[in-house]
Structure formats: C-alpha cells, structure tokens
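# Residue-level structural notes
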Amino acid sequence: MPDIIYVVAESEKESYLASNEHDKFWFVPDSAQGNLSRIRNYILDNSETKKIVILDDDHTKLGMWIRNKRKMLSPEEIMQIFDRMFTLTDDADIKFWGILPNNDKLSYRETAPFSFSSYIGGPIQGFNNLDLRYDERLPLKEDYDLTLQVLNKYRRVLRCNFVHYFPKQHNNTGGCATYRSIKREKEQLELLQKKWGILIVKSTTNKGGAMASKTSKQIYDINPIIKVPIKGI
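Description of the structure in this document. Every chain begins its residue count from 1, and numbering advances along the sequence as written. In view of the model being predicted, local features appear only for residues whose pLDDT reaches at least 70, and side-chain atom pairs are presented and counted only at 80 or more, with totals across whole chains, interfaces and linings using the full set of residues. Here the side-chain values reflect all heavy atoms present in the structure, with hydrogen atoms and water set aside.

### Details of the pairing of strand β9 (residues 158–167)
Short version of the rule: Relative accessible area decides the class of each residue, using a 1.4 Å probe on protein chains only: under 20% of the type maximum gives buried, over 50% gives exposed, and in between gives partly exposed. Numbering of helices and strands runs from the N terminus; a helix is a DSSP stretch of H or I covering at least four residues, while a strand is a stretch of E covering at least two. In this scheme, strands are said to pair when DSSP sees at least two bridges between them.
Of all 10 residues that make up β9, 8 are buried, and the element is covered over most of its length. Taken together, the 4 bridges between strand β4 (residues 59–66) and β9 define a ladder with antiparallel strand orientation. Across the sheet, residue L62 finds its bridge partner in β9, namely Y165. As paired elements, strand β6 (residues 96–100) and β9 share 4 bridges and run parallel to each other. Across the sheet, the residue bridging to L100 is H164, located in β9. Here strand β7 (residues 114–115) runs beside β9; their pairing, made up of 2 bridges, is antiparallel.

### Some remarks on the packing of aromatic side chains
Put simply, the rule is: Pairing of aromatic side chains here covers Phe, Tyr and the six-membered ring of Trp, requires ring centres within 6.5 Å, and sorts the geometry by plane angle: under 30 degrees stacked, over 60 edge-to-face, intermediate tilted. Whether a charge lies above a ring is judged from NZ of Lys or CZ of Arg, which has to be within 6 Å of the ring centre and within 35 degrees of the ring normal.
This structure, assessed with the given rule, holds 10 aromatic pairs. An angle of 75° between the planes, with centres 5.8 Å apart, marks the rings of Y16 and F25 as edge-to-face. Look at F25 and you get buried, because its relative accessible area is 18%. Note on W26 and Y42: the rings are 6.1 Å apart at their centroids and 45° apart in plane angle, and the pair reads as tilted. Linking W26 in strand β2 (residues 25–28) with Y42 in helix α2 (residues 36–46), this pair joins segments that are 16 residues apart in sequence. The partly exposed category is assigned to Y42, whose relative accessible area is 24%. Cluster of aromatic residues (ring-pair linked, three or more members): Y6, Y16, F25 and F27. Between K13 and the ring centre of F27, over which it is positioned, the NZ or CZ distance is 5.3 Å.

### Points about the nonpolar core
Heads up, the rule is: Each nonpolar core is a collection of buried residues, namely Ala, Val, Leu, Ile, Met, Phe, Trp, Tyr and Cys, held together in the definition by side-chain atoms within 4.5 Å. The criterion used for residue contact is that any of the two residues' heavy atoms lie within 4.5 Å.
Grouped together as the largest cluster of nonpolar side chains are 19 residues, with contacts concentrated most on F96, F127, L130, L146 and V150. Taken together, the elements giving at least two residues each to this core come down to α2, β3 (51–55) and α4 (142–154). No other element matches the 4 residues that α2 contributes to this core. When neighbours within four sequence positions are excluded, F96 is seen to be in contact with I120, Q125, G126, F127, L130, L146, T147, V150, V157 and L158. Judged by nonpolar contacts, the second largest core, of 16 residues, contains I78, F86, W97 and C160.

### Description of α4
Stated formally: Here the expected length of a helix is defined as 1.5 Å per residue gap, with one fewer gap than residues.
In a regular helix each residue adds 1.5 Å, so 13 residues correspond to 18 Å; α4 covers 18 Å between its end C-alpha atoms and thus fits that length. The buried fraction of α4 amounts to 10 of the 13 residues, a majority that puts the element mostly inside the structure. Those residues of α4 that sit buried are E142, D143, Y144, D145, L146, T147, L148, Q149, V150 and L151. Against the buried residues of α4 lie α2, β6, β8 (124–128), α5 (182–196), β10 (201–202) and β13 (225–226). Looking at the residues trailing α4, positive phi occurs at R155, about 75°.

Below is the structure:
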C-alpha cells in the first residue's frame, strides 16, 4: 500500500533512509519504542489526524470470500475497504473498528458480514477519534484489552467479517517475538483476567494459537476467548 507510513525509531533513521525501498517515514524517539502498547499510544497521541489505521509490520495481505473462492485484495481495494469502514463508523458513531482475524473459510459466516461486540485484532485496527489508549502493562494482550476498554465505555465496536488478514505474527522475528515466551504469555493472560475477570477473559484448549514448551510436550494456548456480556452480534 503506497500510502502507508512506516513508524521508525530515530536510532534506525539512517539505515531506513538508505534502503531506498520506501520514502514515507515517521521517525519517533527511541523512548517510544520497546513496548508495543507504548509506541501505538505515541502514534495515537501525535498523529495529525484522529482517523488512523495502525497496521503491524508483519501484516502481509487481505482477502475476502466470494462464492467459496478467496479473492486477494489489491491496494486500491484495501483503501476502499478502509474508507468504507470510516464511513460506517461515522454514521454509527463508533470509535474503533477492525478486520476478521481468522482467514479460515469455516470461521466466516455469510449471514454476519459485520459484528459489534467481537475482538478487534492488533494486526489491523482502525481508530475514529478514540480517546482510550493501550495498557502498557499488556504489550502481548494489548488488542484484547483495548477491545474490552472500548466495549466497556462505548458498548460497541465494528468488525468487518467478510474481509480477513494474513499476519506472520508468531512465526516472525523481531518486535514482540523478542520477548514473547510461554511464561510471559501466561503472565499476560493472568493479568488480563485479573483486570477484566475470568467470566469475560477465558483460556481455551483450542490449539490454533498454541505455543509448545521446548522442555515439555504440554501445549499452552496463548489466545484467550473474550465473552463480552453485551447482547447482540
């Protein structure tokens, strides 16, 4: 997407400028880096616009299902989807939107192209004049927490379920991968449960997002299930 701006630490400025692979950068203080929640808060606090989409640097592509066939979206089509989401959130007075995080066909329900109380995944998040911020104590569960913050205050978010994304996430290097571990993930999950309660933040045995210990065959699922006590889809 040619309009994307890379947010880069000042200490890496010269190497990025020398790469010649991109020409749109926002160089930020090194102090804003090192914590995913902190850098996203910096972006939200210092952006020139209140309507902003933050994409993880491990985001790769967007797709959608048409008659059981996957169509990959072009850059122009992606920007059209983003524009439509901002129009919808304007019309419905919604502050926070996202995209379906699961690209498996079985996770898509044709009768529910949108939902209003579902988890908004971190790889792509849209902000429409949102006054809430990420909890810096939860850099590995920041998207779950912000979803709950918005639902708690505004009672709804907007998720586009007919479009899905393809992040690298757990297989990627750098970023969160440098401090993600089973121990750290469990600590973050427990903190998230302590903040919101075990009736809202539940652990699961689903192995779709699991991490295996190198010293044990035991499987830990790093992705909680969010059960929001708000009626509706």
